[in-house]
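Close look at the chain arrangement
The lines below spell out each chain.
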Amino acid sequence: MSKILLIGTGRVAFHLGHALKRPGHEIVGIAGRTVDHVRDLANKLGAPGLSRNDTLPQADIILIAVSDDAIADVSMNIPISDAVVIHTSGASDLDRLLPHPDRAVLWPVMSLSPGEPMDFERVPLVIDANTERAHQVVKDLADSLSGHVLQLDHAQRELVHAAAAISLNFPMHLLARAQELLGNHGIDPSVLAPSFVAMAQKASAIGASEALTGPARRGDIGTIHHHLDRLTEDAELRAAYARLSSMILRAYGHPDHGYTDV
Ligand SMILES: NC(=O)c1ccc[n+]([C@@H]2O[C@H](COP(=O)([O-])OP(=O)(O)OC[C@H]3O[C@@H](n4cnc5c(N)ncnc54)[C@H](OP(=O)(O)O)[C@@H]3O)[C@@H](O)[C@H]2O)c1
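Residues numbered from 1 in each chain as written. Predicted model: local features only at pLDDT ≥ 70, side-chain atom pairs only at ≥ 80, totals over all residues. Heavy atoms only, no water.

Here we come to the overall build of the chain. Secondary structure assignment for the chain yields 10 helices and 7 strands. Each of the three principal axes of the chain carries a C-alpha extent, and together these read 70 × 40 × 30 Å. Per-residue burial over the chain gives 35% buried out of 262 residues. Look at the contacts in the chain between residues 6 or more apart in sequence, and 52% of them connect residues 24 or more apart. A total of about 14600 Å² of accessible surface is found on the chain, and carbon and sulfur atoms cover 54% of it. Charged side chains in the chain number 22 positive and 31 negative. The centres of these two groups are separated by 3 Å. (Helix = DSSP H or I, 4+ residues; strand = E, 2+ residues; numbered from the N terminus. Buried < 20%, exposed > 50% of the residue type's maximum accessible area, 1.4 Å probe, protein only. Contact = heavy atoms within 4.5 Å. Areas by Shrake-Rupley, 256 points an atom, 1.4 Å probe, with all protein chains shown as cover. Lys, Arg positive; Asp, Glu negative; His and termini not counted. Charge placed at Lys NZ, Arg CZ, Asp CG, Glu CD.)

Another aspect to go through is the nonpolar core. Core analysis: the largest hydrophobic core is formed by 33 residues, its most contacted members being Leu6, Ile30, Ile86, Leu106 and Phe120. Ignoring anything within four residues of it in the chain, the contact list for Phe120 reads His15, Leu16, Ala19, Pro108, Leu112, Leu125, Leu145 and Ser146. Grouped together as the second largest cluster of nonpolar side chains are 13 residues, Leu5, Val28, Ile62 and Ile71 included. (Core = buried A, V, L, I, M, F, W, Y, C linked by side-chain atoms within 4.5 Å.)

Look at helix H4 (residues 132-145): 20 Å from first C-alpha to last across 14 residues, which is about the 20 Å you get at 1.5 Å a residue. Taken together, the buried positions of H4 are occupied by Ala134, Val138, Leu141, Ala142, Ser144 and Leu145. Within H4, the buried residues cover an arc of 160 degrees as seen down the axis, which keeps them to one side. (Expected span 1.5 Å × (residues − 1). Arc of directions from axis to C-beta.)

With that settled, consider the pattern of salt bridges. A full pass over the atoms with the stated rule returns 10 salt bridges. Ionic pairing is found between Asp40 and Lys44, a salt bridge with its closest N-O pair at 3.0 Å. Placement of the pair is Asp40 and Lys44 together in helix H2 (residues 35-45), with a separation of 4 residues, close to one helical turn. The partly exposed category is assigned to Lys44, whose relative accessible area is 45%. Between Arg157 and Asp128 there is a salt bridge whose closest N-O contact spans 2.8 Å. Taken together, the residues span a long stretch of sequence, with Arg157 in helix H5 (residues 154-184) and Asp128 in strand S6 (residues 125-129) at a distance of 29 residues. In terms of burial, Arg157 and Asp128 fall into one category: buried. One salt-bridge network, in which partners are shared between bridges, spans Arg177, Asp234 and Glu236. (Salt bridge = Lys/Arg side-chain N within 4 Å of Asp/Glu carboxyl O.)

Okay, the sheet that holds S6 next. Taken in spatial order, the 7 strands make up an open sheet running S2-S1-S3-S4-S5-S6-S7, and their pairing is mixed. Pairing within the sheet leaves two strands with one partner each, and these edge strands are strand S2 (26-31) and strand S7 (149-151). Neighbour to neighbour, the strand axes of the sheet diverge by 25 degrees on average, direction disregarded. Of the pairings in the sheet, the one linking strand S1 (residues 3-7) to S2 comprises 5 bridges and is parallel in character. In the sheet register, Lys3 faces S2, and the bridge partner there is Glu26. Across the face of the sheet, H2 comes into contact with S1 and S2 while running at roughly 165 degrees to S2. (Pairing = 2+ DSSP bridges. Axes fitted to C-alpha atoms, helices over the stretch in contact; angles between N-to-C directions.)

So, on to the side chain of Asp102. Within the secondary structure, Asp102 sits in the loop between strand S4 (84-87) and strand S5 (103-108). Under the relative-accessibility criterion, Asp102 is labelled buried at 12%. Polar side-chain contacts of Asp102 include one of 2.5 Å to the side chain of Arg133. (Polar contact = N/O pair within 3.5 Å; in protein donor to acceptor, adjacent residues only side chain to side chain.)

This brings us to the domain arrangement of the chain. Along its sequence, the chain is organised into domain 1 (3-152) and domain 2 (156-261). Summarising the inter-unit geometry, the C-alpha centres of domain 1 and domain 2 are found 36 Å apart. Contacts between domain 1 and domain 2 engage 12 residues on the former and 5 residues on the latter. Together domain 1 and domain 2 conceal approximately 730 Å² of surface at their shared face, both sides included; 66% is due to carbon and sulfur atoms. Our enumeration of links across domain 1 and domain 2 arrives at 1 salt bridge. If you look at where domain 1 meets domain 2, you find 3 residue pairs in polar contact (both at pLDDT 80 or more). Elements supplying a minimum of two residues to the side of domain 1 that touches domain 2: S5 and S6. A per-class count over the side of domain 1 that touches domain 2 returns 7 nonpolar, 3 polar and 2 charged. (Domains from an automatic or database assignment. Buried area = accessible area lost by both parts, 1.4 Å probe. Nonpolar A, V, L, I, M, F, W, Y, C, P; charged D, E, K, R; others polar.)

Rendered as structure tokens:
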């Protein structure tokens, strides 16, 4: 098991920090820019919180879990050592970890929000590295956390990142907007929640194209017209409805009636 220095105190540091402890890795220190956040995470993980003037402890792995834009600055300020330096960003290349000689990525493909520590055994972990040694270290680390580890280069990671934004962020935003619409009309927004959960389970069980239901899939043009008539108070949502209906109509072999122009 490895000695790990954790840099960052946000969502990933919280979830990954808990996950690292399960197989027995030792978190030798937690560093971050906000004293209270370091203290809070150190308490939660039962690991030493470091202050700005502390010398960084010796570690096999330095895990940088900070915002994408801060990775390069944070990396530059870490003294070079034998440690393999790893970031957790799906959108960032390995060069952000310069000047460290052994660099790697450990990207959890999971939306990590505040809450109970995530069970990493079912979290896909994407890895990459610039040297054989870094690759072996990050692979061993990933294998100790999850049963689903895959190696992808930067271009492939960018594609997965874009696909994740499309498939996870957009439906979540559309749910929020749809619930807001119901709330504005005095209708309990939680009426949508059970079917949202059920659809996600269905998509995972039988595949998204099989799981999809609704007027556009069926080609029910009359219903689509009625919906568009109801959505006049939110032009943006109406345009999204029209564009997505058009995509679905075409994907399932129906004429799209030019809804993309609405
Ligand atoms: N959350 C996810 O779902 C998820 C999933 C996979 C990968 N990731 C990746 O994991 C990394 C961390 O994401 P996160 O969700 O944990 O972010 P987060 O919860 O917003 O936490 C960001 C952390 O970065 C620190 N930070 C921000 N700017 C900094 C700077 N200029 N210098 C030093 N520290 C700075 C913050 O410090 P303060 O506490 O002082 O603000 C905080 O500790 C990102 O690369 C992200 O792409 C996130």
